[in-house]
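# Structure assessment
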Amino acid sequence: MLALLALLVLCALITALELPGLASRRHKGEQLTFGVLLALGFGTGLALVLRWPVPNPTQVLEAIFGPVAALAGMR
């Protein structure tokens, strides 16, 4: 439970430090990118804290590009 609280505090701290600078420049694309990457990082951290299985990024890429490679005759 302490790790979950630490994860929440760290995400709040990162948001508090970075968001005012992004908001003052009014860069919507940077704000969206920041939000998406923070959400992905939070989700991964949450999965690790709760001891859920986290897929290896290589396995995800193989699942995406494996069928494409098979169609192209590369496998």
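Residues numbered from 1 in each chain as written. Predicted model: local features only at pLDDT ≥ 70, side-chain atom pairs only at ≥ 80, totals over all residues. Heavy atoms only, no water.

### Focus on the overall build of the protein
The helix and strand tally for the protein stands at three helices and zero strands. The secondary structure elements of the protein, listed N-terminal to C-terminal, are α-α-α. Taken over the C-alpha trace, the protein has a radius of gyration of 18 Å; the compact-globule value for 75 residues is 11 Å, which it surpasses by more than 25%. Considered along the principal axes of its C-alpha atoms, the protein spans approximately 50 × 35 × 10 Å. For the protein, the residues scored as buried account for 12% of the 75 residues in total. Element-wise, carbon and sulfur atoms account for 72% of the exposed surface of the protein, whose accessible area totals about 6100 Å². (Helix = DSSP H or I, 4+ residues; strand = E, 2+ residues; numbered from the N terminus. Rg over C-alpha atoms; globule rule 2.2 N^0.38 Å. Buried < 20%, exposed > 50% of the residue type's maximum accessible area, 1.4 Å probe, protein only. Areas by Shrake-Rupley, 256 points an atom, 1.4 Å probe, with all protein chains shown as cover.)

### Topic: the packing of helix H1 (residues 2–25) against helix H2 (residues 28–49)
Packing of H1 against H2 leaves a shortest axis separation of 11 Å and a crossing angle of 175°. It follows that H1 is roughly antiparallel to H2 by the angle criterion. In contact with Ala-3, Leu-4, Leu-7, Leu-8, Cys-11, Ile-14, Thr-15, Glu-18, Leu-19, Leu-22, Ala-23 and Arg-25 of H1, H2 contributes Glu-30, Gln-31, Phe-34, Leu-38, Phe-42, Gly-45, Leu-46 and Val-49. Split into classes, the residues belonging to the contact of H1 with H2 amount to 14 nonpolar, three polar and three charged. (Axes fitted to C-alpha atoms, helices over the stretch in contact; angles between N-to-C directions. Parallel < 35°, antiparallel > 145°, perpendicular 65-115°, else oblique. Contact = heavy atoms within 4.5 Å. Nonpolar A, V, L, I, M, F, W, Y, C, P; charged D, E, K, R; others polar.)

### Digging into the confidence of the model for the protein
Confidence in the prediction of the protein, expressed as mean pLDDT, is 90, and 99% of residues score 70 or more. Here helix H3 (residues 57–71) stands out as the element of the protein with the lowest mean pLDDT, 89, in contrast to H2, whose mean of 93 is the highest. (pLDDT = per-residue confidence, 0-100.)

### Comments concerning H3
In a regular helix each residue adds 1.5 Å, so 15 residues correspond to 21 Å; H3 covers 22 Å between its end C-alpha atoms and thus fits that length. At Phe-65, H3 shows its largest bend, some 40°, and a proline, Pro-67, comes one to four positions later. Where H3 terminates, the next one or two residues include Gly-73, which has phi positive at roughly 75°. (Expected span 1.5 Å × (residues − 1). Bend = angle between axes of the 7 residues up to and from the residue.)

### Observations regarding unusual backbone geometry
Most peptide bonds adopt trans geometry, and most residues besides glycine take a negative phi value. Positive phi outside glycine occurs at Arg-51, with the angle close to 60°. Relative to the helices and strands, Arg-51 resides in the loop between H2 and H3.

### As for the environment of Leu-38
Tracing the backbone shows Leu-38 in helix H2. Sequence spacing of Leu-38 and Ile-14 is 24 residues, and the spatial spacing of their C-alpha atoms is 8.7 Å. Discounting chain neighbours no more than four positions away, the residues touching Leu-38 are Cys-11, Ile-14 and Thr-15.

### Thoughts on H2
Taking 1.5 Å of rise per residue, 22 residues should cover 32 Å, and H2 covers 31 Å from first to last C-alpha, within 8% of that figure. Those residues of H2 that sit buried are Phe-34, Gly-45 and Ala-47. Those residues of H2 that are buried are in contact with H1. Arg-51 occupies a position one or two residues after H2 and carries a positive phi of about 60°.

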